[in-house]
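Residues per chain are reported as follows:
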Amino acid sequence: MKEEKIPEYYIGKKHKIEARKVVEDFELSYNIGTAVSYLLRANRKHDSPLQDIRKAIAHLHFELDLIVGENKK
């Protein structure tokens, strides 16, 4: 299987840790992990962090919807 190169905006500058490894190490849910990944790259992928911050907030809202739904059961 061909190994794909990880984009630099997903790798920390000082310790060279990939965003996905942070998510995995903390055993985050899909939505929280995705939000964290968006926040980690927010100032690195685009000229403005707004798009990634908005996406992170959306995934946090998705997670809250799941939690609220589970608590209503």
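To be clear, the structure that these remarks concern was listed above.
Residues numbered from 1 in each chain as written. Predicted model: local features only at pLDDT ≥ 70, side-chain atom pairs only at ≥ 80, totals over all residues. Heavy atoms only, no water.

(A) Expanded view of the packing of aromatic side chains. Within the structure shown, the criterion is met by one aromatic pair. When the centroid spacing of 4.9 Å and the interplanar angle of 50° are considered together, the rings of Tyr9 and Tyr10 count as tilted. Looking at Tyr10, the relative accessible area reads 24%, which means it is partly exposed. (Phe/Tyr/Trp six-rings, centres within 6.5 Å; stacked < 30°, edge-to-face > 60°. Buried < 20%, exposed > 50% of the residue type's maximum accessible area, 1.4 Å probe, protein only.)

(B) Summary view of the pattern of salt bridges. The tally for this structure, following the rule as stated, stands at four salt bridges. Glu18 is the salt-bridge partner of Lys21, the closest N and O atoms lying 3.8 Å from each other. One salt bridge in this structure joins Arg41 and Asp52, with 2.8 Å as the shortest N-O distance. Residue Arg41 is located in helix H2 (residues 30–41), and its partner Asp52 is located in helix H3 (residues 50–72); the two are separated by 11 residues in the primary sequence. Asp52 carries the same exposure label as Arg41, and that label is buried. (Salt bridge = Lys/Arg side-chain N within 4 Å of Asp/Glu carboxyl O. Helix = DSSP H or I, 4+ residues; strand = E, 2+ residues; numbered from the N terminus.)

(C) Structural detail: the environment of Tyr38. By secondary structure assignment, the location of Tyr38 is in helix H2. Tyr38 sits in the buried class, given a relative accessible area of 17%. With 23 residues separating them in the primary sequence, Tyr38 and His61 have C-alpha atoms 14 Å apart. Residues within four places of Tyr38 in sequence aside, it is in contact with Asp52, Lys55, Ala56 and His59. (Contact = heavy atoms within 4.5 Å.)

(D) How the structure looks around the environment of Ile11. Note that Ile11 resides in the segment before helix H1 (19–25). Sequence separation of Ile11 and Lys21 is 10 residues, and the distance between their C-alpha atoms is 9.6 Å. Residues within four places of Ile11 in sequence aside, it is in contact with Ile6, Lys16, Ile17, Glu18 and Arg44.

(E) Layout of a nonpolar patch on the surface. Where nonpolar side chains cluster on the molecular surface, the patch consists of Leu39, Ile53 and Ile57 and spans about 240 Å² of accessible area. With respect to the helices and strands, the residue Ile53 is situated in helix H3. A residue is classified by how much of its surface remains accessible, and Ile53, at 32% relative accessible area, is partly exposed. (Patch = residues over 30% accessible without salt bridge, like charges linked within 9 Å, V, L, I, M, F, W, Y side chains within 5 Å. Areas by Shrake-Rupley, 256 points an atom, 1.4 Å probe, with all protein chains shown as cover.)

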